[in-house]
Structures are given as structure tokens and as C-alpha cells.
Amino acid sequence: MTPAGEQRWEVLERIGSYAAGELEDEEAREVEELLFERPRYRGLAESYARMLVMLATLGNEPVEAPEAVVGYAIRKAYFSAFLRSAEDFAGALGRSYLDAFVYYLGLRRESYGGGT
Amino acid sequence: MNRVSDQAFAIRASKGDVEAFGMLVEEHSGLVYRVALRILGVEDAKDASQEVWIRVWRNIKNFRGDSAFSTWLYRITVNTCLSVRRKQTRRKEREYGGEEMPYLPEPRGGDADPEAAALGAEQREEIQAALGHVRAEHRAALVLRHMEGLSYSEIAQILDVPEGTAKGWVSRGRAAMLVTLSEGKHGRDETGETTR
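Engineer: How should I be thinking about the overall build of chain A in this particular structure?
Structural biologist: Broken down by element type, chain A carries four helices and zero strands. Helices (α) and strands (β) of chain A occur, in sequence order from the N terminus, as α-α-α-α. The C-alpha atoms of chain A give 35 Å as radius of gyration, which overshoots the globular expectation for 116 residues (13 Å, by more than 25%). Taken over the C-alpha atoms alone, chain A extends approximately 95 × 40 × 30 Å along its principal axes. Counting over 116 residues, chain A shows a buried share of 18%.

Engineer: Help me understand the packing of helix H3 (residues 42-59) of chain B against helix H4 (residues 69-87) of chain B, please; the structure alone is not making it clear to me.
Structural biologist: How two helices sit against one another is set out by the angle between their axes and by the gap between those axes. Residue and element names in this part refer to chain B. At their nearest, the axes of H3 and H4 sit 9 Å apart, and the two run at 130° to each other. If you check the angle between H3 and H4, you find them oblique. When the axes of H3 and H4 are compared, the crossing they make is right-handed. For the pair H3 and H4, the contacting residues are Asp44, Ala48, Glu51, Val52, Arg55 and Val56 in the first and Leu73, Ile76, Thr77, Thr80, Cys81 and Val84 in the second. For the contact of H3 with H4, the class distribution of residues is seven nonpolar, two polar and three charged.

Engineer: What should I look at first to understand the nonpolar core in this one?
Structural biologist: As a rule of thumb, soluble globular proteins bury nonpolar side chains together. Ranked by size, the top nonpolar core spans 72 residues in total, and within it B:Ala36, B:Ala140, B:Ala141 and B:Met177 carry the most contacts. When residues of this core are assigned to their parent elements, the largest contribution, 13 residues, is made by helix H2 (residues 18-40) of chain B.

Engineer: Explain the domain arrangement of chain B here, please?
Structural biologist: One widely used convention gives an interface's size as the accessible area the parts lose upon coming together. All names here are of chain B. You can read the domains of chain B as domain 1 (3-87) and domain 2 (95-195). Taken together, the contact pairs twelve residues of domain 1 with 14 residues of domain 2. Breaking the side of domain 1 that touches domain 2 down by element, the ones donating at least two residues are H2 and H4. Considering each element in turn, the side of domain 1 that touches domain 2 owes the most residues, seven residues, to H4. Split by residue class, the side of domain 1 that touches domain 2 holds six nonpolar, three polar and three charged.

Engineer: Which parts of the structure should I look at to understand the environment of B:Thr71?
Structural biologist: All names here are of chain B. Along the chain, Thr71 turns up in helix H4. As for Thr71 and His138, which are separated by 67 residues in sequence, their C-alpha atoms are 18 Å apart. Those residues in contact with Thr71 that lie beyond four places of it in its chain are Glu154, Gln157 and Ile158.

Engineer: Is there a simple way to think about the interface of chain A and chain B in this case?
Structural biologist: Each partner contributes residues to the interface: chain A has 39 residues there, and chain B has 44 residues. Sorting the residues of the side of chain A that touches chain B by element identifies helix H1 (3-19), helix H3 (39-60) and helix H4 (67-104) of chain A as the ones contributing at least two each. Ranked by the residues each element gives to the side of chain A that touches chain B, the list is headed by H3(A), at 16 residues. The residue inventory of the side of chain A that touches chain B, partitioned by class, reads 25 nonpolar, eight polar and six charged.

Engineer: Can you help me understand H4(B) in this one?
Structural biologist: In an α-helix, one full turn covers 3.6 residues, which means residues spaced three or four apart are oriented alike. All names here are of chain B. Over its 19 residues, H4 extends 27 Å from the first C-alpha to the last, a length consistent with the 27 Å expected when each residue adds 1.5 Å. Of all the residues in H4, the buried ones are Phe69, Trp72, Leu73, Tyr74, Ile76, Thr77, Val78, Thr80, Cys81 and Arg85. Those residues of H4 hidden inside the fold are in contact with helix H1 (3-14), H2, H3, helix H7 (136-147) and helix H8 (152-159).

Engineer: Whenever I open this one, the domain arrangement of chain A confuses me. Can you help?
Structural biologist: Domain annotation of chain A identifies domain 1 (3-60) and domain 2 (65-116). Domain 1 of chain A and domain 2 of chain A are separated by 62 Å when their C-alpha centres are compared.

Engineer: Can you help me understand the packing of H4(B) against H8(B) in this one?
Structural biologist: Residues and elements named next belong to chain B. Remark: H4 packs on H8, axes separated minimally by 8 Å, with the N-to-C direction vectors making an angle of 55°. With respect to H8, the element H4 is oriented oblique. Every pair of crossing elements has a handedness; the one defined by H4 and H8 is right-handed. Between H4 and H8, the contacting residues are Thr71, Tyr74, Arg75 and Val78 on the first element and Glu154, Gln157, Ile158 and Leu159 on the second. Among the residues forming the contact of H4 with H8, the class breakdown is four nonpolar, two polar and two charged.

Engineer: Please clarify how H1(A) should be interpreted in this entry.
Structural biologist: End to end, H1(A) covers 24 Å across 17 residues, agreeing with the expected 24 Å (1.5 Å per residue, within 8%). Among all positions of H1(A), only A:Trp9, A:Leu12, A:Ile15, A:Gly16, A:Ser17, A:Tyr18 and A:Ala19 are buried.

Parameters and conventions
- Residues numbered from 1 in each chain as written.
- Chains lettered and ligands numbered in written order.
- Predicted model: local features only at pLDDT ≥ 70, side-chain atom pairs only at ≥ 80, totals over all residues.
- Helix = DSSP H or I, 4+ residues; strand = E, 2+ residues; numbered from the N terminus.
- Rg over C-alpha atoms; globule rule 2.2 N^0.38 Å.
- Buried ≥ 20, exposed ≤ 12 C-beta atoms within 10 Å, placed from the backbone.
- Axes fitted to C-alpha atoms, helices over the stretch in contact; angles between N-to-C directions.
- Parallel < 35°, antiparallel > 145°, perpendicular 65-115°, else oblique.
- Left-handed = near helix turned anticlockwise from the far one by under 90°.
- Contact = placed C-beta atoms within 7 Å.
- Nonpolar A, V, L, I, M, F, W, Y, C, P; charged D, E, K, R; others polar.
- Core = buried A, V, L, I, M, F, W, Y, C linked by C-beta atoms within 7 Å.
- Domains from an automatic or database assignment.
- Expected span 1.5 Å × (residues − 1).

Here it is, written out as C-alpha cells:
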């Protein structure tokens, strides 16, 4: 971007911040002076104000998610929870069988807690 | 649902309680879909919303309750939307080099006309189309600030950037959006995103 273009963009952003009410007192006063001196900047500030109203209006309109999104998310969660518990169950069962097999082969003596 | 019950349901869901997760989905599906719709447009919003909830369920065990559940959810939503956007063909960014300052004409009946405040279908489409021409990160920041009404500290937390960066992104997004909207009034070049 050319220096002149950079400068124009900076003014554009600054007036946007002013229109959004985001400038500190002194900065806001500087922008107000600019608006007073140059009518086309006033037009720019008014345009920003219109755009911000449109954005806020659209933002405030209620939007509902399609029913399919809600149903899909809950079904997925139930399915994954089911898989998780099936995995836990299979893991526990496998471990029990392995323990029993190890005991059957006599690789480990049964302990009754405390004794060796 | 308030913040306290959100946290309670999230903690239950983090322990595998699907019913609690279902309550969170019912309560916040509007928020997720709305943000996805604004950032991605109607074609991708549904798929992105589904992806968000899958990510939420997968990661909810990591939710520690340090921030509000809604902030955490916004973060997952925005990140999902930005990653969907990155996967799509990158639009050529174009610079604003206009000599004239952008200008939006006054609505019919003037600014004071309450009927003018209600948006028509055409205006809605224009705004959505113009949003599509703002760089993705700037658009996300702009949506969170001016459509969701969040503070800069919340936006910074959601986007995981310093507050100054969040302010800069909103400011750039706002300017790019105005340029695109005003160009739309005089015939828009559809080639890409407006950027500084």
C-alpha cells in the first residue's frame, strides 16, 4: 500500500473507532475536529454508525440451530459414551481372563493379603 | 441456564454424563450455530456446528472451569470455524487503494426511521456477503465484538491473542467491512478479501 493509502486507511480505522465509541477523550476530540473540518469524514462516520447499527440488529436477531445439529451431537455423545464403557468392560474382562490364565499356569501364587 | 448451572453441567459432562452434555447442547446450540453462520455463511454453518459439538464432547474432560463455559465454547466455535475456513481455497487478498472514502447511503426514511432499523432480506444478504470479504481472523473479531457484544478482554481470551491485537483486528475488520459494503452499493469486484 502506498504511504497515501496507508494514511487513508489509518483515518478510516480511526473514524471507525470513534463511531464505535472506543476512543479516549482526547483522541475523540481530535477526531471530532477532523469531522468538523471535513464533511466527507462526517459522511464516513455516519456510514460507520449505520453499519454498526445493521451489525447489532442482525446480531440481536434470534438464530436457532437446525434440529439435526442438536440431535446429531447428542447421538454422537451417547454412541461415544457407549463405546467408552464397552471398551472399559472388555478391558476389565480381558484382564480378569489373563489373571485367571496366569494363575492357572501357576505363574503366580494366590495371595491372601499380607502374606507372601 | 446461568453461568453456575453451565459450569455444573459441564463438570458433570466432563465425567461422562451424556444427559448433562445434552442439556449444554440444547442450551447453547443457538450460540454455536449463530457464530458459525456469521463467520462461515449458511453453506458451512451446519457442518461446522456439528464439528464444534464433537470437539466439545471430546475435550470437555479438559474443561477446568477457570473461565465461563460460554467463553470456552466460543473459543472452540471460533477455532473450528477458522480451521474450516483455512481448509477452503484461500481467497486472494486485495488491498484497499480507493481514493474516495467509503460511504453508505442513508436508509429510506432516514436514520431516525424506526422501520429502517429492521433489516430486510436483501440487507441481510449484503451484510453476510460483505462479512465474507473480510479476512477470517478480523471477521471473527468483528462478529464477536459487534454482533455478539463481547468485551475486548473476552475476545482476546477467545482468540488467544493480546487485547491490543483483538482491538486491531476488530478495527481492521470494521474498516474492511465498510469498504466492501460501500463498494457493493456501486458494484463489487468479487475477487477476494478486502485488507489493509
